[in-house]
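Each chain is listed here by its residues.
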Amino acid sequence: MVIRIIGFLTGLGLTLTAVGGFVLGIYLWRLNKELPDYDHLADYAPPVMTRVHAGDGDLLAEFAQEHRLFVPIGAIPKQLIQAFLSAEDKNFYDHNGIDMSGIARAAVKNIFNLLENRRLEGASTITQQVAKNFLLSGDVTIERKLKEAVLAFRLERTFSKDELLELYLNEIYLGMGTYGVAAAALHYFDKPLSQLTLAQMAYLAALPKAPNNYHPFRRPARALARRNWVLARMQDNGFISADEAAQTKAQALQIVPRRSNLSGVDASYFVEEVRRDIQIRYGENRLYGGGLSVRSTLNAHYQKIAVRVLREGLVAYDRRQGWRGAVQNIVDIDEDWASHLRAIPIPTDLAPWRLALVRAIEGEHAIIGLRPRRKISGEFETMREEGRIPLAELKWARAKRKKGRGPRIKSVSDVLAVGDIIWVEALNAPNPQNASQQKASQDKTGQKDIGQQEANQKKIGQQEASQQDTQNELPQQDYMGDYMLRQVPEVNGGLVALDPHTGRVLAMVGGFSFRDSEFNRVTQASRQPGSAFKPFVYAAALDAGYTPASLVLDAPFVMEQGRDMGLWKPENYSREFYGLSTLRLGIEKSRNLMTVRLAQQIGMRPVVEYARRFGIVDYMPPVLSMALGAGETSLMRLTAAYAMLVNGGKYIEPILIDRIQDRYGKTIYRHDVRACDDCNGLWTGQEAPALPDNREQILNPQTAYQIVSMLEGVVMRGTGRSIRAVGKPLAGKTGTTNENRDAWFVGFSPDLAVGIYIGFDNPHTLGETGGQVAAPVFREFMLAALRQAAATPFRIPPSVNLVRINAQTGELAQAGDRPVILEAFKLGTEPAPGRKQRIIGRNEAAPKSETTKAPIIGSGTGGLY
């Protein structure tokens, strides 16, 4: 009987075992069928961030959805690998995908974890984590764990241990938006992997389990304990000595977050233009995950200058218009005043300006409380800072009125009241914007010489030395320090600097604050250039046979517009008439009537063609008001057109990107595609290779130089003469439109073209001209940018003769003539005895007969001054 029972049970057991084995086999077969394909891991190409560099290699920006830098296993420090193995899988190089000893150890430990109500520990190997991260979901199920185990076995047979570790260390999420060890090293410590300390490596290895649980700012105690646990495991595994472990454990957890402004250069408008360019070329996926390396054209030195001088110019103009009042006012000030300041959203790129609350007025000082600073963790500091504003720093803040400004400031209460929230800047802050105060009265006229060249260059040198690369990091201030009142300008503008020979954009600032307004006034704003367009009218006239010494009648001009629109009567800015004057004088003094009469004489169709040829506009109606700059264009297009004048009439297009490489270092785009067979060898003192010049010649080189010479006269004697203070060969033209709505200055040195535009986004009068508002910005930029440059003269092409002439009559200079200038003439067009001079308008009858019928668009004059 017993034998029968034993036999029965044995048979039943075998049957159940067979059935169970069969069921398990079916289940594993089905599981195997459902396993994802892992062959693609051999060609693993994770999303890697795109990086944009300045022309000198400085990192400007990164674009990514997952912040990751792929690093091959050979470039990862051995000690960092040891830290991760100690924390995650010490037997990684010994097991075949599943660590059975680790599973047993975790099972025993989890019994106690259950009894103590603690979180259960897993026993996943690095190989299993690769399987989960790359091929499976994060579902916590038995089936997923089985799939993970099966895949781990297969991965171990397909890939080497180093290949699996490379996949893991580049894919793993390590908190604060970073993926992979290279990106995490930069984000947490602002270092490449090769410069990490043992303590820093251990902290990174502490993160994979649960990055948020070991956040360095929110949970610093946990983070430190976990790091020290990793160090202990490294000691247990023999990777570090007991002394090394003890010394490293004693170190504080020092996190050095990466600066948001990577290179210390504020190039937000430029970077955004580059981002759009890349997205158009390669699409969004490749932009944010393709690992592109973009070498841009930006010159970091010029960019810093551009940001500074444009902001100075906008602030200086805004101060001249008066004080518009506080940002806000708090009626009831309590002890929690700092929370009111924290709650106000502010642009993050206005440092070292700070928001402040007027807490009291005591005699000739306003006592202010400052908006708390942000810690590197992103939280606000709890320490309260106070300061004061002396009455002397409020003198400029006369109330803005529709016409003029309010009365002079005699007391603090004339400007501020308790509860006012205002912008301030420390008097000792290392920011050259402070210099705008000292130049306010000078910039008002825009015409005064600002002193000797050496003094100005010394001043700019001091300003540049004081501007730190970390301009967005606020300096610490003493309690009760002195501050000056600031005001965010209503007016805005743009500045762009180009290499005139290549079109490379060297600097670009599209407004006062990118965080406040991303609208780029260099590329996106279309405005009337006013008189800044006139050089292209004169270029058309010179190509039509006129010379800079040809005479044009500066007298009243009247035209019927038709369709009951009345008469068009353009005027000079001075509203006076000067009779016969040379073309040179007409452009130097920006005479509207001479320009209109000249355009009428040569016809508007050549003017329209030149505007199109230089890329100023795509279409321009052939009507006379266009000759005065009534057609709209952008600052970028107009500055590029001026660059084509100084480069000898060669066509260029503004470019932002020199070269793009893919994630493997292969060049996939290069702007300069000229072939150079001799460029690949080593330089041993031989002559530089000659590259072909494939730029299109769009203007006669001799005509181009004549215009350059005339524009140099604008700086020496005309509407831009405040720029003479730079002391280097410069040329350019002011531009102001009707009712002073837009102010321009576009000009160049022999190797640098710069354009400035200033105006309101909602157009209304500035009340000042381009010579008063824009020219000082150009002057300050060139003072700083050319401080170390030699005084290179403008290049004179062949077949140009320089002849001494009477500047007023255009005739050959005679003994005793004043003033006398050297004028540029094309060979064979020089004034000579018996050679008749071309005169426009001399034989015109009275103004009444001057009236002609012709269509015209608009009733404004376009350009004024």
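Our subject is the structure that appears above.
Structural notes, computed from the coordinates. These numbers come from a predicted model, not from an experiment. (Residues numbered from 1 in each chain as written. Predicted model: local features only at pLDDT ≥ 70, side-chain atom pairs only at ≥ 80, totals over all residues. Heavy atoms only, no water.)

1. Some details on the overall build of the chain
Line of reasoning, step 1. From N to C terminus, the chain includes 25 helices and 26 strands.
Line of reasoning, step 2. Across the 865 residues of the chain, 53% fall into the buried class.
Line of reasoning, step 3. Relative to all contacts within the chain whose residues are 6 or more apart in sequence, the contacts with residues 24 or more apart total 73%. (Helix = DSSP H or I, 4+ residues; strand = E, 2+ residues; numbered from the N terminus. Buried < 20%, exposed > 50% of the residue type's maximum accessible area, 1.4 Å probe, protein only. Contact = heavy atoms within 4.5 Å.)

2. Observations regarding the side chain of Lys 161
Line of reasoning, step 1. Relative to the helices and strands, Lys 161 resides in helix α6 (residues 161-171).
Line of reasoning, step 2. Polar side-chain contacts of Lys 161 include one of 2.5 Å to the backbone oxygen of Phe 92.
Line of reasoning, step 3. Among residues more than four places away in sequence, those in contact with Lys 161 are Phe 92, Tyr 93, His 95 and Glu 156. (Polar contact = N/O pair within 3.5 Å; in protein donor to acceptor, adjacent residues only side chain to side chain.)

3. With respect to the side chain of Asp 742
Line of reasoning, step 1. Examined against the element boundaries, Asp 742 turns out to sit in strand β21 (residues 742-749).
Line of reasoning, step 2. On the basis of relative accessibility, which here comes to 4%, the residue Asp 742 falls in the buried class.
Line of reasoning, step 3. Within polar-contact distance, the side chain of Asp 742 engages the side chain of Thr 737 at 3.0 Å.
Line of reasoning, step 4. Among the polar contacts made by the side chain of Asp 742, one reaches the side chain of Tyr 757 at a distance of 3.1 Å.
Line of reasoning, step 5. In this structure, Asp 742 is in contact with Arg 527, Gln 528, Gly 735, Thr 736, Thr 737, Tyr 757, Ile 758 and Leu 766, ignoring residues within four places of it in sequence.

4. Focus on the sheet that holds strand β20 (residues 731-736)
Line of reasoning, step 1. The antiparallel open sheet is built from five strands, whose spatial order is β13-β12-β22-β21-β20. Among the strands making up the open sheet, the edge pair consists of β13 (505-509) and β20. The mean angle between the axes of side-by-side strands here comes to 5°, regardless of whether they run parallel or antiparallel.
Line of reasoning, step 2. As paired elements, strand β12 (residues 492-498) and β13 share four bridges and run antiparallel to each other. Paired with Val 496 across the two strands is Met 508, which belongs to β13.
Line of reasoning, step 3. Of the strands in this sheet, β12, β20, β21 and β22 (752-759) are in contact with helix α25 (residues 775-785), which crosses β22 at around 145°. (Pairing = 2+ DSSP bridges. Axes fitted to C-alpha atoms, helices over the stretch in contact; angles between N-to-C directions.)

5. Some points on empty space enclosed by the protein
Line of reasoning, step 1. Counted according to the given criterion, the structure contains three cavities of 30 Å³ or more.
Line of reasoning, step 2. Size it by volume and the second largest cavity reaches roughly 70 Å³.
Line of reasoning, step 3. Lining the second largest cavity are 14 residues, with Asp 266, Tyr 269, Val 307, Val 509 and Gly 511 sitting closest to its centre.
Line of reasoning, step 4. Every element with two or more residues in the lining of the second largest cavity is listed here: α11 (268-282), α13 (300-321) and β13.
Line of reasoning, step 5. If you tally residues by element for the lining of the second largest cavity, the top one is α13, at three residues. (1 Å grid on protein atoms, 1.4 Å probe; cavity = no way out; pocket = protein on both sides within 12 Å on 5 of 7 lines; lining within 4 Å. Points joined across faces, edges and corners; volume = space filled by probe spheres on them.)

6. Considerations on helix α18 (residues 534-543)
Line of reasoning, step 1. The buried count for α18 comes to nine of ten residues, which makes it a mostly enclosed element.
Line of reasoning, step 2. Taken together, the buried positions of α18 are occupied by Lys 534, Pro 535, Phe 536, Val 537, Tyr 538, Ala 539, Ala 540, Ala 541 and Leu 542.
Line of reasoning, step 3. Directly beyond the C-terminal end of α18, a positive phi value near 110° is found at Gly 545.

7. Some remarks on the pattern of salt bridges
Line of reasoning, step 1. Throughout the structure, instances matching the rule amount to 38 salt bridges.
Line of reasoning, step 2. When the shortest N-O distance is used, the salt bridge between Glu 156 and Lys 161 registers 2.8 Å.
Line of reasoning, step 3. Given a relative accessible area of 14%, Lys 161 falls into the buried group.
Line of reasoning, step 4. Linking Arg 584 and Glu 588 is a salt bridge whose minimum nitrogen-to-oxygen distance equals 3.2 Å. With Arg 584 and Glu 588 both in helix α19 (residues 583-588) and four residues apart, this pair spans about one turn of that helix. (Salt bridge = Lys/Arg side-chain N within 4 Å of Asp/Glu carboxyl O.)

8. Remarks on a nonpolar patch on the surface
Line of reasoning, step 1. On the surface, Ile 333, Ile 361 and Val 418 cluster together into a nonpolar patch covering about 200 Å² of accessible area.
Line of reasoning, step 2. Secondary-structure assignment places Val 418 in the loop between β9 (386-390) and β10 (420-426). (Patch = residues over 30% accessible without salt bridge, like charges linked within 9 Å, V, L, I, M, F, W, Y side chains within 5 Å. Areas by Shrake-Rupley, 256 points an atom, 1.4 Å probe, with all protein chains shown as cover.)

9. Comments concerning helix α23 (residues 701-717)
Line of reasoning, step 1. Along its 17 residues, α23 runs 24 Å from first to last C-alpha, staying within 8% of the 24 Å computed at 1.5 Å per residue.
Line of reasoning, step 2. By the criterion of burial, α23 is predominantly enclosed, with 13 of the 17 residues buried. (Expected span 1.5 Å × (residues − 1).)

10. Digging into unusual backbone geometry
Line of reasoning, step 1. Each neighbour pair has its own omega, and for Ala 351 with Pro 352 the value is 10°, a cis peptide bond.
Line of reasoning, step 2. Here Pro 352 lies in the loop between α14 (337-342) and β7 (354-362).
Line of reasoning, step 3. The omega torsion across Arg 818 and Pro 819 is -5°, close enough to zero to call that bond cis.
Line of reasoning, step 4. Tracing the backbone through its elements, the reader meets Pro 819 in the loop between β23 (800-806) and β24 (820-826).
Line of reasoning, step 5. At Ser 590, a position not held by glycine, the phi torsion is positive, near 55°.
Line of reasoning, step 6. Tracing the backbone shows Ser 590 in the loop between α19 and α20 (592-602).
Line of reasoning, step 7. Given a relative accessible area of 2%, Ser 590 falls into the buried group.
Line of reasoning, step 8. One non-glycine residue, Asn 740, lies in positive phi territory at about 55°.
Line of reasoning, step 9. Inspection of the secondary structure puts Asn 740 in the loop between β20 and β21.

11. Remarks on the sheet that holds strand β14 (residues 551-554)
Either a parallel or an antiparallel arrangement is found when strands of a sheet pair, and the pairing is made through backbone hydrogen bonds.
Line of reasoning, step 1. On the basis of which strands lie adjacent, the open sheet formed by three strands has the order β17-β14-β25 and mixed pairing. Unpaired on one side and paired on the other, β17 (579-582) and β25 (839-840) mark the two borders of the sheet.
Line of reasoning, step 2. Looking at chain direction, β14 and β25 are connected through two bridges and run parallel. The residue bridging Leu 551 from the neighbouring strand is Ile 839, located in β25.
Line of reasoning, step 3. Sheet strands touched by α20: β14, β17 and β25. Its angle to β14, the strand with the most contacts, is close to 120°.

12. Some words on the pairing of β12
Line of reasoning, step 1. A large share of β12 lies buried, amounting to seven of its seven residues.
Line of reasoning, step 2. Side chains of β12 alternate between two faces, with Asn 492, Gly 494, Val 496 and Leu 498 and Gly 493, Leu 495 and Ala 497 buried alike.
Line of reasoning, step 3. Pairing analysis gives seven bridges linking β12 to β22, with the strands arranged antiparallel. Note that in β22 the partner of Asn 492 across the bridge is Gly 759.
Line of reasoning, step 4. The antiparallel hairpin formed by β12 and β13 contains six residues in its connecting segment, where Gly 503 sits at a positive phi of about 85°.

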